[in-house]
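Structure assessment
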Amino acid sequence: MSAQTAAPERRSPDRDEATQALAKRTRAGAKVHTARALGLLVAIGVLLLCVGLSVSVGAKSIPLGTVWEALVSNDGSYDHSVVVELRIPRAVLGVFVGAALGLSGALMQGLTRNPLAEPGILGVNSGAAAAVVVAIFVFGLTSPGAYVWFAFVGAAVAALAVYALGSRGRSQATPVRLALAGTAVAAVLQGLVYAVIVLDDFVFDRIRFWQVGSLVGRDLELFSRIWPFLVTGVVIALLLAPALNTVALGDDLAAALGAHINRTRLLAAVAIVLMCGAATATAGPIWFVGLTVPHVARAITGPDQRWLLPYSAVLAAVLLTAADTLGRVVLPTGELEVGIITALVGAPVFIALVRRKRMAQI
Amino acid sequence: MTATTPRPGSVRSGRPVRTRSGRVSFLVRPRTAAVTGALVAAIAAVFAALLMLGEYEITLPRVAAALAGQGERLDLFFVRDVRLPRAWVAVLVGASLGVAGAVFQSLSRNPLGSPDIIGFTGGAATGAVLTILVFGGSMLQVSLGAVAGGVATAGLVYLLAMKNGVQGYRLILVGIGISAMLTSVRDYLITRADLTDAKAAQVWMIGSLNARGWTEVIAVAVCMAVLLPPLLAMGPRLRLMEMGEQTAHALGVPVQRTQAVALLAASALTGAAIAVAGPISFIALAAPQLARRLLRSTGTTLFGAALMGALLLVTADLVAQHALSPAQLPVGAVTAVIGGSYLVWLLYREWRTGRA
């Protein structure tokens with residue numbers, strides 16, 4: 001008996017050290033989490049600032065005080081109706097579209113473990129573009145509000161086709177196969193779009209403005225049709241974060257740990273389709289955001305999806321609203337589309353980041 | 001290039017052939033020989049069809065006679081001055097794009113790697129669109145603008161990615177950033193130009209072989225004669241580098257030098273192809289992947305990619321000329337549809353049989 005009780009006592013200094021080390025690591029971990037939470041709060045603050053600017057800046061600049069009055073006591077004046085009917089819906093759309101693109105980019109990269117993966121790879125942009133071409137070419141539709149459902153269905157069908165093709169037989173979708181399937185389907189659809197726009201000037205004239213990506217002329221009614229898809233997608237994506245962390249360990253290890261790999265992949269694909277489909281249907285194809293914002297977020301948070309996903313969403317929303325606002329003031333007359341600005345403003349920042357840091361590998 | 005698992009059997013099923021002294025030796029694989037033969041035969045068949053078909057149809061014996069310099073004047077004109085150079089442009093441009101794509105994919109170790117990633121295609125397209133829309137340049141000027149744009153962009157990307165040497169990963173990401181900026185510049189120009197000019201620029205960006213003649217053939221052929229031998233000779237080293245830069249270094253491959261030379265040569269090859277035919281999509285991406293799957297090889301096969309690229313482009317040109325005749329499609333639209341469909345079919349077949 002005495003020998004047995006003596007044995008642990010002899011090892012106790014080691015154990016103390018171990019306990020201390022563990023406590024230290026836990027404290028360090030808590031510190032990192034606090035820092036990341038603070039960072040996220042700062043990012044959200046910046047986002048709110050961007051939204052405020054987006055509402056007040058434009059062809060007619062409206063002071064923030066008037067914006068507030070328009071919200072609490074709308075007297076139907078010109079300024080107030082501009083704020084409520086034009087500026088706020090557009091700012092809200094910008095936030096949602098940006099967040100959806102950033103989130104789906106992060107999901108795609110986590111899912112395929114390919115740093116080049118982005119929503120466009122899943123065929124979403126080309127699917128939407130092909131459907132919009134059909135809408136114009138066959139049905140003669142001409143306004144973004146009328147394209148929405150075509151774009152959404154096109155995006156969803158293309159993404160499902162890619163996913164089905166990318167998953168192998170009874171087994172699951174492997175990263176490279178998914179990427180290849182995506183490029184293949186996107187190429188076919190893009191080729192069809194090319195063929196139609198070469199043969200028909202009317203379609204080309206419409207599609208060249210749609211494919212830039214813009215928030216001009218999108219109203220509250222459009223948003224009311226599209227938000228359920230966006231919100232569902234965002235919720236699924238954020239809930240999936242822990243499962244995605246496990247999947248990132250590799251298929252075998254994740255399966256050994258009891259993760260439902262196929263279920264996670266399928267849910268992630270559903271979230272991507274919902275978010276990207278809705279975003280592309282609303283604003284047209286915006287290429288740069290989904291691809292690069294997750295890389296920036298990863299440089300801040302590291303590979304933990306629980307932080308990476310919210311950061312990607314908020315940073316992408318910041319990028320999109322800021323770009324949209326900038327586009328309204330940068331030209332002496334008229335405005336520059338948000339898709340052009342995101343790339344022109346985002347790319348130099350992105351390149352500076354790539355150069356400064358050793359980018360976190362996936 | 002990491003995900004394709006080598007299939008047992010594909011590696012050892014070869015027969016070594018040696019010269020008597022043993023100084024030159026190589027493996028002869030029956031599958032490689034058969035597939036190469038089939039590809040060459042297919043290219044020849046489509047090539048013949050390109051010479052025969054059109055508004056003015058010419059039978060095969062008359063084509064042969066015209067090639068030998070005999071026959072009616074109209075036959076001679078169509079075969080030797082119109083269709084033959086165009087078909088050769090298709091073969092050479094296709095082969096160039098196939099090889100360049102294989103090199104880029106090998107260097108970036110990513111099946112999505114293509115000349116796009118170092119910004120070459122984007123730069124060339126932007127150069128050309130600027131020349132068309134802002135300066136209203138001629139065909140030759142547009143080609144020069146494209147090459148200048150491509151070289152300038154690729155150089156810029158390489159410089160921006162440089163920091164204690166160039167890492168593949170950083171090169172890709174910088175390339176993406178620059179390409180995104182250039183795309184938005186092009187979008188801006190195209191939405192602000194008037195419809196006719198915008199359309200001319202768009203057709204050029206899709207890539208077309210309409211009205212290409214002997215001047216273009218000679219231009220591409222000279223570039224290929226200079227650039228192809230060193231690239232083909234580098235094939236084995238590229239395959240070693242696919243195993244990782246450190247492993248390759250340990251095996252005696254001069255990694256930095258091979259990388260720089262291969263990038264330069266592949267960019268120049270792409271530049272020649274783009275200057276002649278515009279940035280034809282998908283061949284650089286699909287040809288190496290298709291060749292790999294057909295040859296069941298474990299690494300990059302530059303020669304296979306060249307043949308596959310040529311076959312894809314001649315087939316696409318045949319379809320582009322005759323599918324919606326008399327309307328002429330730009331060949332880039334067709335390469336995307338054909339190459340994409342073929343890749344879809346390949347993936348579907350693998351999906352059915354449950355192979356990786």
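Remember, it's a predicted structure, so these values are computed and weren't measured experimentally. (Residues numbered from 1 in each chain as written. Chains lettered and ligands numbered in written order. Predicted model: local features only at pLDDT ≥ 70, side-chain atom pairs only at ≥ 80, totals over all residues.)

1. Here's the deal with the overall build of chain A
- Counting its regular elements, chain A contains 13 helices and zero strands.
- Overall size of chain A, expressed as C-alpha extent along the three principal axes, is 90 × 55 × 35 Å.
- Taking all 362 residues of chain A together, 50% fall into the buried category.
- Long-range pairs, those at least 24 residues apart, make up 75% of the contacts in chain A with a sequence separation of at least 6. (Helix = DSSP H or I, 4+ residues; strand = E, 2+ residues; numbered from the N terminus. Buried ≥ 20, exposed ≤ 12 C-beta atoms within 10 Å, placed from the backbone. Contact = placed C-beta atoms within 7 Å.)

2. Observations concerning the packing of helix H11 (residues 283-295) of chain B against helix H12 (residues 302-322) of chain B
Residues and elements named next belong to chain B.
- Packing of H11 against H12 leaves a shortest axis separation of 8 Å and a crossing angle of 120 degrees. With respect to each other, H11 and H12 are oriented oblique. Two packed elements cross with a definite hand, and for H11 against H12 that hand is right-handed. Residues Ile283, Ala286, Ala287, Pro288, Leu290, Ala291 and Leu295 of H11 lie in contact with H12, whose contacting residues are Gly304, Ala305, Met308, Gly309, Leu312 and Leu313.
- Its residues assigned to classes, the contact of H11 with H12 comprises eleven nonpolar, two polar and no charged. (Axes fitted to C-alpha atoms, helices over the stretch in contact; angles between N-to-C directions. Parallel < 35°, antiparallel > 145°, perpendicular 65-115°, else oblique. Left-handed = near helix turned anticlockwise from the far one by under 90°. Nonpolar A, V, L, I, M, F, W, Y, C, P; charged D, E, K, R; others polar.)

3. Topic: the interface of chain B and chain A
- Of the residues lining the interface, 51 residues belong to chain B; the matching set on chain A comes to 46 residues.
- Mapped by element, the contributors of at least two residues to the side of chain B that touches chain A are helix H6 (168-192), helix H7 (195-206), H11 and helix H13 (331-353) of chain B.
- Counting residues per element, the side of chain B that touches chain A draws most heavily on H6(B), at 16 residues.

4. Some thoughts on the nonpolar core
- Counting residues in each nonpolar core, the largest one holds 232 residues, and the members touching the most others are A:Ala100, A:Val132, A:Ala155, A:Ala159, A:Ile272, A:Met275 and B:Val314.
- Top contributing element to this core by residue count: helix H3 (residues 73-108) of chain B, with 18 residues.
- The contact partners of A:Met275, leaving out residues within four places of it in the chain, are A:Ala100, A:Leu103, A:Ser104, A:Leu230, A:Gly233 and A:Val234. (Core = buried A, V, L, I, M, F, W, Y, C linked by C-beta atoms within 7 Å.)

5. What about the confidence of the model for chain B?
Residues and elements named next belong to chain B.
- Scored by pLDDT, chain B comes out at a mean of 82, with 88% of its residues at no less than 70.
- Mean pLDDT in chain B bottoms out at strand S2 (residues 25-28), which sits at 65, and peaks at H12, which reaches 92.
- Within the model, pLDDT remains below 50 along residues 1-12, and this stretch shows 17 contacts once partners closer than five positions in the same chain are excluded.
- We note a pTM of 0.73 for the whole complex and an ipTM of 0.72 for its interfaces. (pLDDT = per-residue confidence, 0-100.)

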